[in-house]
Amino acid sequence: MDKNLIQTPVIFDILRKTGDNISIDDMFHVFNMGVGMILIAAREFADKMADVLFQEGCKAYIIGEIVKGDEGVILC
């Protein structure tokens, strides 16, 4: 997941600063930074799926990709 692509609500900035500048990695592990539901689609369908969801009134955007590896979820 690319942290720069995630549209984080302002409340998480307030929590981070109030909590004595909690690390961004800790914020993602504890609060999920407002990501909510994640849908997974083949790369060739991802943009179309996000467009359809947006047209139906859902806030949808791409936050990363799945790649083969042994490390689990990597926030970059």
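Note: the structure precedes this text.
To start, this report covers the structure provided alongside it.

Parameters and conventions
Residues numbered from 1 in each chain as written. Predicted model: local features only at pLDDT ≥ 70, side-chain atom pairs only at ≥ 80, totals over all residues. Heavy atoms only, no water. Salt bridge = Lys/Arg side-chain N within 4 Å of Asp/Glu carboxyl O. Helix = DSSP H or I, 4+ residues; strand = E, 2+ residues; numbered from the N terminus. Buried < 20%, exposed > 50% of the residue type's maximum accessible area, 1.4 Å probe, protein only. Phe/Tyr/Trp six-rings, centres within 6.5 Å; stacked < 30°, edge-to-face > 60°. 1 Å grid on protein atoms, 1.4 Å probe; cavity = no way out; pocket = protein on both sides within 12 Å on 5 of 7 lines; lining within 4 Å. Points joined across faces, edges and corners; volume = space filled by probe spheres on them. Nonpolar A, V, L, I, M, F, W, Y, C, P; charged D, E, K, R; others polar.

Points about the pattern of salt bridges
Overall, the coordinates contain 2 salt bridges when judged by the stated rule. Where Lys 3 meets Asp 25, a salt bridge forms, and the shortest distance between an N and an O atom there is 3.3 Å. Remark: Asp 25 occurs in helix H2 (residues 24-31) and Lys 3 occurs in the segment before helix H1 (10-18); sequence separation between them is 22 residues. The exposure class assigned to Lys 3 is partly exposed, which follows from its relative accessible area of 21%.

Focus: the packing of aromatic side chains
How two aromatic rings sit relative to each other is set out by the distance from centre to centre and by the angle between their planes. Under the criterion given, the structure shown has 1 aromatic pair. Centre to centre, the rings of Phe 12 and Phe 31 are 6.0 Å apart; their planes meet at 55°, and the pair counts as tilted. Of this pair, Phe 12 sits in helix H1 while Phe 31 is found in helix H2, placing the two residues 19 residues apart along the sequence. Overall, the relative accessible area of 11% leaves Phe 12 in the buried class.

Some points on the layout of surface pockets
If a probe the size of a water molecule is rolled over the atoms, the empty space left behind becomes visible. Put simply, the largest pocket is a space of about 1,200 Å³. Around the largest pocket, the lining comprises 35 residues; the ones closest to its centre are Ile 38, Leu 39, Ile 63, Gly 64 and Glu 65. Looking at the lining of the largest pocket residue by residue, the class counts come to 22 nonpolar, 6 polar and 7 charged.

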